[in-house]
Amino acid sequence: MIKIKRCFDFIVALIALVLLSVFIIITAIFVRFKLGSPVIFTQQRPGLHGKPFNVYKFRTMTDERNEKGELLPDHVRLTKVGKFIRKLSLDELPQLFNVLKGDISLVGPRPLLMEYLPLYTPEQARRHDVRPGITGCAQVNGRNAISWEEKFKLDVWYVENRSFWLDFKILFQTVLKVFKSEGINQDGQATMEKFKGTDHKKVSKNR
């Protein structure tokens, strides 16, 4: 199944790059003139089994810093242009090149920050048992509008129940979510607040 899924990812990503090339070029030009260079935002993220790779996204924030040289908060650096690009998920399009390289899959748990790796519980860490994806179960069931714990439960559920039918279903739901622009931001946040680890006492109490 893994080899077939990889072939499917490669073929679909290649076709998508061709069909969406106009949108990719227009977005790149838009970002260059509105936000400056570099057009592509690159960041190291954990992939399969936590192995690091460089993820590609169109930049949506400025590099504004305070007098100490520290980056300003996300809500300050996220411009109207950036919000528009995120609303249509255009910032995710460069990740199709990550799919071609084999870094990620079309569907799988989203690749998060490297700094989160030591914060996961053993159960949450299972999200790295498969390749991360451009979209996933958590993205079509709340995205940034749900808690980190809910996201990780959905990620692990995907790991345990993954199939081609489920991937097709998630891809279809993703397209619908993009048009509806649902769950882009967490309430009160520019995107999603950082994961600081699961409150084990709270988890135990809820069981």
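Once a new chain begins, its residue numbering starts again from 1 and follows that chain's sequence as written. Given that this is a predicted model, residues contribute local features only at a pLDDT of at least 70 and side-chain atom pairs are listed and counted only at 80 or more, while totals for whole chains, interfaces and linings are drawn from all residues. Note that the side-chain values use all heavy atoms of the structure and ignore hydrogens as well as water.

Participant: Which residues make up the packing of aromatic side chains, and what values go with them?
Facilitator: Working definition: an aromatic ring pair is given by the centre-to-centre distance plus the angle between the planes. A pair of Phe, Tyr and Trp rings is counted when the ring centres sit within 6.5 Å of each other, with Trp represented by its six-membered ring. The angle between the planes then sorts it: under 30 degrees is stacked, over 60 is edge-to-face, the rest tilted. Taken as a whole, this structure holds eight aromatic pairs when the rule is applied. Between Y116 and F195 the ring centres are 5.7 Å apart and the planes differ by 80 degrees, which places this aromatic pair in the edge-to-face class. Here F195 lies in the loop between α7 (164-180) and α8 (200-206) and Y116 lies in the loop between β3 (105-107) and β4 (133-135), a separation of 79 residues in the sequence. Placement of a charge over a ring requires the Lys NZ or Arg CZ to be within 6 Å of the ring centre, with the centre-to-atom vector within 35 degrees of the ring normal. Above the plane of the ring of W148 lies K151, whose end atom (NZ or CZ) is 4.6 Å from the centre. Numbering of helices and strands starts at the N terminus; helices are DSSP runs of H or I of at least 4 residues and strands are runs of E of at least 2.

Participant: Tell me about the side chain of D155, residues and numbers included.
Facilitator: Looking at where D155 falls in the secondary structure, it is placed in helix α6 (residues 148-161). For every residue, the accessible area (1.4 Å probe, protein chains only) is compared with the maximum for its type, and the residue is labelled buried under 20%, exposed over 50%, or partly exposed between those bounds. The class for D155 is buried, based on a relative accessible area of 3%. Whenever a nitrogen or oxygen atom comes within 3.5 Å of another N or O atom, the pair is scored as a polar contact, on the condition that within protein one atom can donate a hydrogen and the other can accept it, and that pairs from neighbouring residues in sequence are kept only if both atoms are in side chains. In terms of polar contacts, D155 uses its side chain to reach the side chain of R127, at 2.9 Å. What D155 contacts, discounting residues up to four positions off in sequence, is P109, R127 and A138. Here, residues are in contact when the closest pair of their heavy atoms is within 4.5 Å.

Participant: Please give an account of the pattern of salt bridges that cites residues and values.
Facilitator: Within this document, salt bridges are pairs made up of a side-chain nitrogen of Lys or Arg and a carboxyl oxygen of Asp or Glu, the two lying within 4 Å of each other. One pass over the structure, following the stated rule, counts ten salt bridges. Residues D167 and K5 are paired through a salt bridge, measuring 2.4 Å at the closest nitrogen-oxygen approach. With D167 in helix α7 and K5 in helix α1 (residues 2-19), this residue pair connects regions lying 162 residues apart in the sequence. Across the pair, exposure class does not vary: D167 and K5 are buried alike. One network of salt bridges, in which partners are shared, links K57, D91, E92 and R110.

Participant: Tell me about helix α2 (residues 21-34), and name the residues and values.
Facilitator: Look at α2: 20 Å from first C-alpha to last across 14 residues, which is about the 20 Å you get at 1.5 Å a residue. Here α2 has its buried residues at I24, T27 and V31. Seen from one end, α2 has its buried residues packed into an arc of 70 degrees, which puts them on one side. Pointing more than 90 degrees away from the buried face of α2 are the exposed residues I25, I26 and F33. Packing partners of the buried residues in α2 comprise α1, β2 (52-58) and α4 (80-87). Phi for G36, located one or two positions after α2, is positive at around 90 degrees. Expected span of a helix, by definition, is 1.5 Å for each gap between consecutive residues, and there is one gap fewer than residues. Of all possible arcs, the one meant is that of the directions from the helix axis to the C-beta atoms.

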